[in-house]
Amino acid sequence: MEWNKRKKSAAVIYGIAALVFVILVLVIPFSKPAASWVMFAFSIISFALGLVISLYAFSKSETLVSKFYGYPVFRIGFLYTALQVILSIVIFAIGSFVNVPYWVGIVVSILLLGMAAIGVIAVDNARDYVEEIDVKTVSSIKTVTKFNNDIADIMDLCKSDIVREPLQKLVTKFKYSDPVSSPTTEEKECRIEDELERLRYLVSSNDEQRAIAQIEIVSNLLNSRNRICGSEK
């Protein structure tokens, strides 16, 4: 795992927090029953596990999307450590007046650790699912995005006022077409791609009559493709 600045900073922060916690617990002279030492041990473990969870949250990918979806996992690691420390302080305070049994510290810490583990697993699985959906969505709209770019390029090439008006209508039709492709639209989209290349050549050649006819061909193919999309809804 590559240790970039963000990961190094997280390690330093957790390390400093753990050091401060240890020093305060050992220096402050209050009674420490068995439960206090159990909570102390689990608190040290929570600093290590919190750091591991935080590093894992951003370790899968360096993409912006993956980083964004990694924050819920990171948050669980931080909350786990924070709650463990807070509950430890509560047990320390109670233990100063009452002899708290050791099993209380074990039960509290194990429950908190279990909830953190379940939370990390659940949120991480949800992250994987959402990222997979995002990838599929980007892939499914890639073809129509390319069509919109292609028709915009063709529009830039148009020098004829006669061709410009029907071409602008075709641009608008592409803009508001169903963006999601599927295996059933693949054949139509291949034909649209070929016909757009022919349209590009005719527009750049300033062949007005053939360009207008070609616009109609592309428009009809696009209508057919959109009807297929509509029938699958």
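Right above here is the structure, for reference.
Residues numbered from 1 in each chain as written. Predicted model: local features only at pLDDT ≥ 70, side-chain atom pairs only at ≥ 80, totals over all residues. Heavy atoms only, no water.

A few words now on the overall build of the protein. Helix and strand content of the protein: eight helices and zero strands. Taking 2.2 N^0.38 as the reference for a compact globule, 233 residues should give roughly 17 Å; the C-alpha atoms of the protein span a radius of gyration of 31 Å, well beyond that estimate. For the protein, the C-alpha atoms occupy an extent of roughly 95 × 35 × 25 Å along the three principal directions. Long-range pairs, those at least 24 residues apart, make up 78% of the contacts in the protein between residues at least 6 apart in sequence. On the protein, roughly 13,800 Å² of surface is accessible, and the fraction owed to carbon and sulfur atoms is 68%. Computed over 25 positive and 24 negative side-chain charges, the separation of the two mean positions in the protein equals 8 Å. (Helix = DSSP H or I, 4+ residues; strand = E, 2+ residues; numbered from the N terminus. Rg over C-alpha atoms; globule rule 2.2 N^0.38 Å. Contact = heavy atoms within 4.5 Å. Areas by Shrake-Rupley, 256 points an atom, 1.4 Å probe, with all protein chains shown as cover. Lys, Arg positive; Asp, Glu negative; His and termini not counted. Charge placed at Lys NZ, Arg CZ, Asp CG, Glu CD.)

Taken together, Phe78, Leu79, Leu83, Ile86, Leu87, Val90, Ile94, Phe97 and Val98 make up a surface patch of nonpolar side chains, about 830 Å² in accessible area. In this fold, Leu79 is placed in helix H3 (residues 64-95). Exposure remark for Leu79: the relative accessible area of 34% places this residue in the partly exposed category. (Patch = residues over 30% accessible without salt bridge, like charges linked within 9 Å, V, L, I, M, F, W, Y side chains within 5 Å. Salt bridge = Lys/Arg side-chain N within 4 Å of Asp/Glu carboxyl O. Buried < 20%, exposed > 50% of the residue type's maximum accessible area, 1.4 Å probe, protein only.)

Turning our attention to empty space enclosed by the protein. Here the structure, examined in full by the defined rule, presents one cavity of 30 Å³ or more. Residue composition of the lining of the largest cavity, grouped by class: five nonpolar, two polar and two charged. (1 Å grid on protein atoms, 1.4 Å probe; cavity = no way out; pocket = protein on both sides within 12 Å on 5 of 7 lines; lining within 4 Å. Points joined across faces, edges and corners; volume = space filled by probe spheres on them. Nonpolar A, V, L, I, M, F, W, Y, C, P; charged D, E, K, R; others polar.)

Overall, the coordinates contain seven salt bridges when judged by the stated rule. Between Arg198 and Glu195 there is a salt bridge, and its shortest N-O distance comes to 2.9 Å. One end of the pair, Arg198, and the other, Glu195, are both in helix H7 (residues 186-204), three residues apart, so they sit about a helical turn from each other. In this structure, Arg200 and Glu197 form a salt bridge, with 3.7 Å as the shortest nitrogen-oxygen distance. With Arg200 and Glu197 both in helix H7, this residue pair falls three residues apart, about one helical turn.

Glancing now at the environment of Ala34. On the secondary structure map, Ala34 appears in helix H2 (residues 34-57). Exposure remark for Ala34: the relative accessible area of 38% places this residue in the partly exposed category. Separated by 159 residues in sequence, Ala34 and Glu193 have C-alpha atoms that sit 74 Å apart. The residues touching Ala34, leaving out its near neighbours within four places in the chain, are Val100 and Tyr102.

Let us look at the packing of helix H6 (residues 161-175) against helix H8 (residues 208-231). At a minimum axis separation of 10 Å, H6 and H8 run at an interaxial angle of 15°. Comparing their axes, H8 and H6 come out roughly parallel. In the packing of H6 onto H8, the handedness of the crossing is left-handed. For the pair H6 and H8, contact is made by Ile162, Val163, Pro166, Leu167, Leu170, Lys173 and Phe174 and by Glu208, Ala211, Ile212, Ile215, Val218, Ser219, Leu222 and Asn223, respectively. Its residues assigned to classes, the contact of H6 with H8 comprises 11 nonpolar, two polar and two charged. (Axes fitted to C-alpha atoms, helices over the stretch in contact; angles between N-to-C directions. Parallel < 35°, antiparallel > 145°, perpendicular 65-115°, else oblique. Left-handed = near helix turned anticlockwise from the far one by under 90°.)

Before going further, it helps to examine the packing of aromatic side chains. Summed over all chains, the structure comprises six aromatic pairs. On the numbers, 5.9 Å between centres and 20° between planes, the contact of Phe21 with Phe40 is stacked. Of the two residues, Phe21 is situated in helix H1 (residues 5-27) and Phe40 in helix H2; the sequence distance between them amounts to 19 residues. Ring geometry for Trp37 versus Phe40: centroids 5.8 Å apart, planes at 90°, classification edge-to-face. Note that Trp37 and Phe40 are positioned in helix H2 at a spacing of three residues, about one turn of the helix. With a relative accessible area of 41%, Trp37 lands in the partly exposed category. (Phe/Tyr/Trp six-rings, centres within 6.5 Å; stacked < 30°, edge-to-face > 60°.)

All right, on to the nonpolar core then. Of all hydrophobic cores here, the largest spans 20 residues; its most connected members are Ile151, Leu167, Leu170, Phe174, Leu196 and Leu199. Among the secondary structure elements, those contributing two or more residues to this core are helix H5 (142-157), H6, H7 and H8. Among residues more than four places away in sequence, those in contact with Ile151 are Leu167, Leu170, Val171, Phe174, Leu196 and Leu199. (Core = buried A, V, L, I, M, F, W, Y, C linked by side-chain atoms within 4.5 Å.)

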